[in-house]
Every structure is written in C-alpha cells, then in structure tokens.
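Listed below, chain by chain, are the residues.
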Amino acid sequence: MESISIATPPPKFRVSVTKSIFSERWRKLPAKEWSGVSMAGERKPPILRCSRAEEESVDANVAVTHSSDRVTNSTDVGERQNGKCIDDVLEDQGIRIRRRPQTGPPMHNVGPFEFRLENEGNTPRNILEKIIWDKDSELKERKPLTVLHRTLGNAPPPRDFVGALRASYNLTGVPALIAEVKKASPSRGVLREDFDPVQIAKAYERNGAACLSVLTDEKYFQGSFENLEAIRTAGVNCPLLCKEFIIDAWQIYYARSKGADAILLIAAVLPDLDISYMTKICRKLGLAVLVEVHNEREMDRVLSIDGIQLIGINNRDLENFEVDISNTKNLLKGERGEIIRQRDIIVVGESGLFTPEDISYVHDAGVKAVLVGESLIKQEDPGKGIAKLFGKDISVAV
Ligand SMILES: O=P(O)(O)OC[C@@H](O)[C@@H](O)c1c[nH]c2ccccc12
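What comes next is a walk through the structure. (Residues numbered from 1 in each chain as written. Predicted model: local features only at pLDDT ≥ 70, side-chain atom pairs only at ≥ 80, totals over all residues. Heavy atoms only, no water.)

### Notes on the overall build of the protein chain
Alright, step 1. From N to C terminus, the protein chain includes 16 helices and 16 strands.
Alright, step 2. Relative to its full complement of 398 residues, the protein chain shows a buried share of 53%.
Alright, step 3. For the protein chain, long-range pairs separated by at least 24 residues make up 69% of all intrachain contacts whose partners lie at least 6 apart in sequence. (Helix = DSSP H or I, 4+ residues; strand = E, 2+ residues; numbered from the N terminus. Buried < 20%, exposed > 50% of the residue type's maximum accessible area, 1.4 Å probe, protein only. Contact = heavy atoms within 4.5 Å.)

### Things to note about the pattern of salt bridges
Alright, step 1. Taken as a whole and judged by the stated rule, the model has 22 salt bridges.
Alright, step 2. A salt bridge links Arg-100 to Asp-136; its shortest N-O distance comes to 3.0 Å. Of the two residues, Arg-100 sits in the loop between α3 (86–92) and β5 (107–110) while Asp-136 sits in helix α4 (residues 127–138), which places them 36 residues apart along the sequence. Assigned by exposure class, Arg-100 and Asp-136 land together as buried.
Alright, step 3. Salt-bridge contacts for Lys-384 lead to Asp-381; the nearest nitrogen and oxygen are separated by 3.3 Å.
Alright, step 4. Accessibility expressed as a relative area gives 32% for Asp-381, which makes it partly exposed. (Salt bridge = Lys/Arg side-chain N within 4 Å of Asp/Glu carboxyl O.)

### Regarding the packing of aromatic side chains
Alright, step 1. Under the defined criterion, the tally for this structure stands at three aromatic pairs.
Alright, step 2. Ring centres of Phe-225 and Tyr-254 lie 4.7 Å apart, and the angle between their planes is 70°; this geometry places the pair in the edge-to-face category. Of this pair, Phe-225 sits in helix α8 (residues 225–233) while Tyr-254 is found in helix α9 (residues 249–257), placing the two residues 29 residues apart along the sequence. Here the two residues Phe-225 and Tyr-254 agree in accessibility, since each one is buried. (Phe/Tyr/Trp six-rings, centres within 6.5 Å; stacked < 30°, edge-to-face > 60°.)

### So, the pairing of strand β10 (residues 211–215)
Alright, step 1. Most of β10 sits out of view: five of its five residues are buried.
Alright, step 2. In this sheet, β10 lies alongside strand β7 (residues 176–181) in parallel orientation, the contact comprising four bridges. Of the residues in β10, the one forming a bridge with Val-181 is Val-214.
Alright, step 3. Strand direction decides the pairing type here: β10 and strand β11 (residues 240–243), joined by four bridges, are parallel. When the sheet's bridge partners are listed, Leu-212 is paired in β11 with Leu-240.
Alright, step 4. Following the chain from β10 across α8 to the adjacent parallel β11, one finds a crossover that is right-handed. (Pairing = 2+ DSSP bridges. Right-handed = clockwise from strand over helix to strand, strands pointing away.)

### What about the site of the ligand?
Alright, step 1. Around the ligand sit 16 residues, and of these Glu-180, Lys-182, Glu-292, Ser-351 and Gly-373 come closest.
Alright, step 2. Within the side chain of Glu-350, one N or O atom sits 3.5 Å away from a nitrogen atom of the ligand.
Alright, step 3. At 2.7 Å, a side-chain N or O of Ser-351 approaches an oxygen atom of the ligand.
Alright, step 4. When the ligand sits alone it has 440 Å² of accessible area, and the protein chains cover 99% of it. (Near = heavy atom within 4 Å. Polar contact = N/O pair within 3.5 Å; in protein donor to acceptor, adjacent residues only side chain to side chain. Areas by Shrake-Rupley, 256 points an atom, 1.4 Å probe, with all protein chains shown as cover.)

### Here's the deal with the nonpolar core
Alright, step 1. Residues Leu-165, Leu-177, Tyr-204 and Leu-212 are the most contacted members of the largest nonpolar core, which totals 107 residues.
Alright, step 2. Excluding residues that lie within four positions of it along the chain, Leu-165 makes contacts with Ala-176, Ile-178, Ala-210, Cys-211, Leu-310, Ile-346 and Ala-369. (Core = buried A, V, L, I, M, F, W, Y, C linked by side-chain atoms within 4.5 Å.)

### With respect to the sheet that holds strand β15 (residues 346–350)
Alright, step 1. What the eight strands build is a closed barrel, ordered β7-β10-β11-β12-β13-β14-β15-β16; its pairing is parallel. When strand polarity is set aside, the average angle formed by the axes of neighbouring strands in this sheet is 25°. (Axes fitted to C-alpha atoms, helices over the stretch in contact; angles between N-to-C directions.)

### Digging into the pairing of β15
Alright, step 1. Judged by how many residues are buried, β15 sits mostly within the fold: five of five residues are covered.
Alright, step 2. Pairing between strand β14 (residues 310–314) and β15: five bridges, direction parallel. Note that in β15 the partner of Leu-310 across the bridge is Ile-346.
Alright, step 3. Relative to strand β16 (residues 369–372), β15 runs parallel, the two being bridged by three bridges. Residue pairing across strands places Gly-349 opposite Val-370, the latter belonging to β16.

### Concerning the packing of helix α7 (residues 197–206) against α8
Alright, step 1. One can describe the packing of α7 onto α8 by two numbers: an axis separation of 9 Å at closest approach and a directional angle of 50°. Judged by the inter-axis angle, α7 sits oblique to α8. Note that α7 runs across α8; the crossing there is right-handed. In this structure, α7 contributes Pro-197, Val-198 and Ala-201 to the contact, and α8 contributes Asn-227, Ala-230 and Ile-231.
Alright, step 2. Grouping the amino acids of the contact of α7 with α8 by side-chain chemistry returns five nonpolar, one polar and no charged. (Parallel < 35°, antiparallel > 145°, perpendicular 65-115°, else oblique. Left-handed = near helix turned anticlockwise from the far one by under 90°. Nonpolar A, V, L, I, M, F, W, Y, C, P; charged D, E, K, R; others polar.)

### Considerations on the side chain of Arg-192
Alright, step 1. With respect to the helices and strands, Arg-192 occurs in the loop between β9 (189–190) and α7.
Alright, step 2. Polar contacts involving the side chain of Arg-192 include one to the side chain of Asp-194, which spans 3.3 Å.
Alright, step 3. Within the local environment of Arg-192, its side chain forms a polar contact with the backbone oxygen of Gln-379, the two atoms lying 2.7 Å apart.
Alright, step 4. Arg-192 has contacts with Lys-183, Ile-200, Ile-377, Lys-378, Gln-379, Glu-380 and Pro-382, leaving out every residue within four places of it along the chain.

### Focus: unusual backbone geometry
Alright, step 1. The backbone of Gln-222 shows a phi angle near 55°, a positive value even though the residue is not glycine.
Alright, step 2. With respect to the helices and strands, the residue Gln-222 is situated in the loop between β10 and α8.
Alright, step 3. Classification of Gln-222 by relative accessible area gives partly exposed; the value is 37%.
Alright, step 4. With phi around 60°, Asp-344 is a residue other than glycine that occupies positive phi space.
Alright, step 5. With respect to the element layout, Asp-344 can be found in the loop between α13 (334–343) and β15.

Below, the structure written as structure tokens:
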C-alpha cells in the first residue's frame, strides 16, 4: 500500500489516503468469495479472537463459573457484560487502554484511491494502546485453539516459578532475580546488538538468577517465541516467564505450548474478569501468573481478585515510559502492604533497577523479587552484571 498525505490535519482529525491496490484485488474475486468482505473492500477477519464455543470445548473441565460474563474473549463485536459494552467496563475500572475498534474507519473510494478518516476513536492514544491494537491484529493469524491444544501434550512440563522465587529469597536474603532476556524496547531502542538469547539465559542462570523473563513480542521488543522455545530446549533450568502482551486466552495456551512456566497479565489492559478467568486457565495448565500494576487503583483491583500469588509493581509507566522506583515503595505503604504480607503474596519490583542501592531500596519497601532487563543486558558480560547489580555474588548461598 502506498500512502500519500494530503493536508495538514486539523487537531485530532486526520485523513489518510491509500492507493487501493487491495480493493482492485477484491473487485476481481468471484461472488462466492465475497462473504466476509466489507463494503469498503476489506476482508473481514475469519476469526477475531478465541470464540467462546472453541475455548469452552477445550476448557470443558475448568471450573470457570463466569465465562459467559467475560468481556474480551469473544467473537461478538461490542460484547456486553451485564448490559454494558466493553468500553464501559474498562472505564468503570479506570482502564484507559481501549480495545481496537473492530471495524476500521470507513473507507471512501475515489478512483484508484481509498480515503480513511482518522479521529480519536480509531487512532491509538499512546504507545501501550498502540501495542495492544497491533497485538489484536496479529492474533488474527493464529491457528485454531483446538489444534493448539493438541500440541500441549508435547510441551515440556511446567516448573514451579513461584517456588523458585521463594527458594532463592530464602537462600540469599536478597530479592530473587528474574533476569530479562530483552533485545530492545520501544523506549530505549536496541539494547544489545550481539544478542544470543540462549547464551544470555545460560549466563544469567550460572550467575544466580532464580527465574528468567523472555520477551516474545516481535514488533516492539524484537523478541520471539522461538527465543522462548530455544531457551527452554537448551536445558536452562530456571523457570521462564513469557513476557507478552496478553489480551486473549489463546496466547496463554500458545505460551505453554512453547515451554513457558509463567505468564504476565497487565492490569492496565485487562479488566478484572479477564484477569480472574485467565488465572483459572493458568492454574489448570500449571502456569504461574504475574499480575502487573502501576498505580493504586490497579493494585486495589488486583487485591480484590482471588488466587493472586505474584504481583509485579512496574516502576515504568507504559503509557509514557516515565520511570520512578519510588512507585514500588508508594504502592506497598500502609494497608496495601499489610494485606500483601498477610496473604503471603510475592511482590516483584519491576523496571529501572540499576544499582545495589536500588535493590536495597525496593527490598526495604517489601519486595521479595526483582525483574531486571536493561541494566544487565547492556553489560559487556550480562551474567557478571548480576554481582555488580546486587553488590555481591548471589550464585552461592549466604
Ligand atoms: O529493562 P528494565 O527497565 O530493567 O525493565 C525490565 C521489565 O520490568 C520491563 O521490561 C517490563 C515490565 N513490564 C513490562 C511489560 C511489557 C514489556 C516489558 C515490561
């Protein structure tokens, strides 16, 4: 597609013009092929997300009582929960990340050009929203869940992610390390040119990491599921967190089929019912769940969900990339910290940790684990970077 910009856009309103190569192609299709093709000449995706029937036939023995209330895993456009559409549910829970509109803005054909009117409703407002909308488009390429489910039996068995964190913390007396295998990020660009995920993973393990986090998003983090699978099959014993932007239960099965031991759920993106439903699927698959929060509202929502064992406090705001490690301390103050201690939830301090002082600071705030990417991956020897980050060798018990 060739894009031509025409005029300076008025605020919050833009026109993009695209030379219509595709509409030519659709025009030539035989009539029977036109089902699933919208008036604007675009093919409607055959499957939007895990269809409920598809997912429930796989999940017949999961005790999910409220699956009919779920808000995001549906083929139904504008699905409703208790009479509310998804946008209302998201707004009620203070979730600012919207779902990608199911139909793009209308296309107008003039000669060989197609005009698309862009406005606030159909344009992502920030980077996290853009990632989520792109993820939604990516998921249309997936294979059916029933096919994926058959491959689960071939996956290596899940390992105890939470147990590994607890054991490491008890052994070393410092926060257990989840070291992140991360080549690039949208905020920092490429972090390491000579990136060998398996070598890096092995070096992290040798130098005391309790668990590893492997980025699988390709577009923004230059990660992949091949990396996850390669690390798993290379004999690395540390349990693996699949670091993905999960918006659909299908991704959880996929992560498991590639050897993941844990997955991430982001509270800024997922409503409570999805977190709760996905947590149940994970329990059935033997996966641990790290639920990530960034502010008080998200923390309170997550604390009201049953069965949460691991909460990550992200010091980076994924909407604008600002990093502030005092966020971890603030969210663990007072009653919230008390509830967390009573329930024996492990809190993971995430992002922006560079020095032994940073590690002590979040440890004093109450975290029992840390998730570290950039400060290790940028070291000449990422494995040796661990001792520098902690101010001591953590590969041996104290
Ligand atoms: O590289 P850092 O600043 O040490 O951050 C690691 C990790 O916390 C960060 O990569 C992260 C936290 N939550 C995420 C969600 C998606 C992608 C990435 C992340």
